[in-house]
Amino acid sequence: MKAFQIGNQQGLDSLTAVTRPDPVAGPGQVLVAPRLVGLISRDVQLLRGVYGARQAPERIPTSEGVGKVIAVGAGVENVKPGDRVVCGHFPSWLDGDFRPEVFAHDIGISHDGWLAERVVLPAAAVIQVPASLADRDVAGLASAGLTAWNALVEVSKVKPGELVLCLGTGGVSLAALKLAKLRGARVAITSSSDEKLQIVRELGADIAINYRQHADWAAQLMALTDNVGADVIIETGGQDTLGQSIAAAAANARIVVIGVTPGQQSPIPNYLSLILKNVTIRGIANGSRKMFTELLRATEANRIETVISKTFKFEDTPAAYAYFAAQKQVGKVLIEFN
């Protein structure tokens, strides 16, 4: 099979095209032929060597996608050849509360990911995709969509009329925008680009703030909300934005910290405000299979469509990474297999 591996993790040029023997599904496993794969921030961070510990050079990256089952191992009964499936990137987290052990099997990081013509996945973790859902609307859900669902629905329990603040226009923020509006919430989004802000307004954002024009974007949000602030903050900016997120928080706000974007600040800023506003800060990592099943159900019932920026062919994967890393897109960057 053809595949891409991460190489020496010195930058985007580390991504290397390779040919390997086709893998085989063992007991309790399924062999999947990817159809469409989505890129996320950590895919670029991994190649640059800034996402945790360095991984084996031969690791196949990417953590979200949709594919067709082409073979099943012994004992597999929940799916069959021909089924379209997705899988969360923590396949051992099937249900219940998060536990640190799920990091031991992280698709695209500790184990091979979707960027190959064949991928082996644990059968217990895969989920059959409803026939009514297109590949393009599920390929990017396993990381960005599932994380947004966990943040808004499971952790924050967002309510109608609340204000959700999303930092930037990345995959998690756009997924959170869709889900928040679906649940009757208002949404504010920040960006350095007026063009991107116009797009998110068209997608339903109620407040759009250019943080280049308003360096103190927290103060701008407070001014636009009569000094009330945001009830839920999807904190994807990293530790350098946490201070402003706290400043932008309403009383009893929930700040959900997502991702491991490197930063320069380490102490918790605005420490006193945490107490004065009774703010909750909660870190999360993706979500469980049960959450993913609920997300798929909501996606089907409400006909939620994923915002797509551009789709590349599998052989043009390096160009897809370069396009994604430039951060000029609004919406998912996808890689399509023949």
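Residues numbered from 1 in each chain as written. Predicted model: local features only at pLDDT ≥ 70, side-chain atom pairs only at ≥ 80, totals over all residues. Heavy atoms only, no water.

With an unreviewed UniProt entry as reference, the protein is termed NADPH:quinone reductase, source organism Pseudomonas straminea.

Here we come to the domain arrangement of the protein. Interfaces are often described in size by the accessible area the parts lose on coming together. Structurally, the protein comprises domain 1 (2-145 + 287-336) and domain 2 (156-283). The centre of domain 1, based on its C-alpha atoms, is set 27 Å off from the matching centre of domain 2. Domain 1 puts 14 residues into the contact, and the matching count from domain 2 is 13 residues. A buried area of about 1,100 Å², summed over both sides, lies between domain 1 and domain 2, and 75% of it is on carbon and sulfur atoms. Connecting domain 1 to domain 2 are zero salt bridges. Elements supplying a minimum of two residues to the side of domain 1 that touches domain 2: α3 (141-155) and α9 (289-302). Among the residues forming the side of domain 1 that touches domain 2, the class breakdown is six nonpolar, six polar and two charged. (Domains from an automatic or database assignment. Contact = heavy atoms within 4.5 Å. Buried area = accessible area lost by both parts, 1.4 Å probe. Salt bridge = Lys/Arg side-chain N within 4 Å of Asp/Glu carboxyl O. Helix = DSSP H or I, 4+ residues; strand = E, 2+ residues; numbered from the N terminus. Nonpolar A, V, L, I, M, F, W, Y, C, P; charged D, E, K, R; others polar.)

Counting through the fold element by element, Q55 comes out in the loop between α1 (41-47) and β4 (64-72). Reaching out from Q55, the side chain makes a polar contact with the backbone oxygen of A53 at a distance of 3.3 Å. Here Q55 is in contact with I6, Q9, L46, I109 and S110, once residues within four sequence places are set aside. (Polar contact = N/O pair within 3.5 Å; in protein donor to acceptor, adjacent residues only side chain to side chain.)

What follows deals with the sheet that holds strand β8 (residues 163-167). If you walk across this open sheet you meet the six strands as β10-β9-β8-β11-β12-β13, and the pairing is parallel. Bordering the open sheet on either side are β10 (207-210) and β13 (280-283), each of which pairs with just one other strand. Going across the sheet, the axis of each strand differs from the next one's by a mean of 15 degrees, ignoring polarity. In the sheet, strand β11 (residues 230-235) pairs with strand β12 (residues 249-257) via five bridges, with the strands oriented parallel. (Pairing = 2+ DSSP bridges. Axes fitted to C-alpha atoms, helices over the stretch in contact; angles between N-to-C directions.)

Relative to the assigned elements, S245 resides in helix α7 (residues 242-247). A relative accessible area of 0% places S245 in the buried class. Separated by 10 residues in sequence, S245 and I255 place their C-alpha atoms 7.6 Å apart. Not counting chain neighbours up to four residues away, the residues in contact with S245 comprise L167, W217, I233, E235 and I255. Here the side chain of S245 touches E235 through a polar contact of 2.5 Å, side chain to side chain. (Buried < 20%, exposed > 50% of the residue type's maximum accessible area, 1.4 Å probe, protein only.)

This part covers helix α4 (residues 171-182). One full turn of an α-helix is made of 3.6 residues, so residues set three or four places apart face in the same direction. In a regular helix each residue adds 1.5 Å, so 12 residues correspond to 16 Å; α4 covers 17 Å between its end C-alpha atoms and thus fits that length. Within α4, the full set of buried residues consists of V172, S173, L174, A175, A176, L177, L179 and A180. Buried-residue contacts for α4 involve α3, β8, β9 (186-191), α5 (194-202), β11 and α9. (Expected span 1.5 Å × (residues − 1).)

Let us now look at the nonpolar core. Soluble, globular proteins show a tendency: their nonpolar side chains are buried together. Counting residues in hydrophobic clusters, the biggest one holds 54 residues, and the most contacted among them are V86, V138, L152, V164, I234, F292 and L296. Secondary-structure elements contributing two or more residues to this core are α3, β8, α4, β9, α5, β11 and α9. Each of domain 1 (2-145 + 287-336) and domain 2 (156-283) accounts for three or more of the residues forming this core. Judged by nonpolar contacts, the second largest core, of 39 residues, contains V79, V85, I109 and W114. (Core = buried A, V, L, I, M, F, W, Y, C linked by side-chain atoms within 4.5 Å.)

With eight of 10 residues buried, strand β3 (residues 29-38) lies mostly within the body of the structure. Inspection of the sheet shows β3 paired to strand β6 (residues 119-122) by four bridges, in the antiparallel sense. Of the residues in β6, the one forming a bridge with L31 is V120. In the sheet, β3 pairs with β4 via eight bridges, with the strands oriented antiparallel. Residue V32 lies in a different strand from β4, and its bridge partner there is V69. The pairing of β3 with strand β15 (residues 332-336) spans three bridges and is antiparallel. In the sheet register, G38 faces β15, and the bridge partner there is L334.

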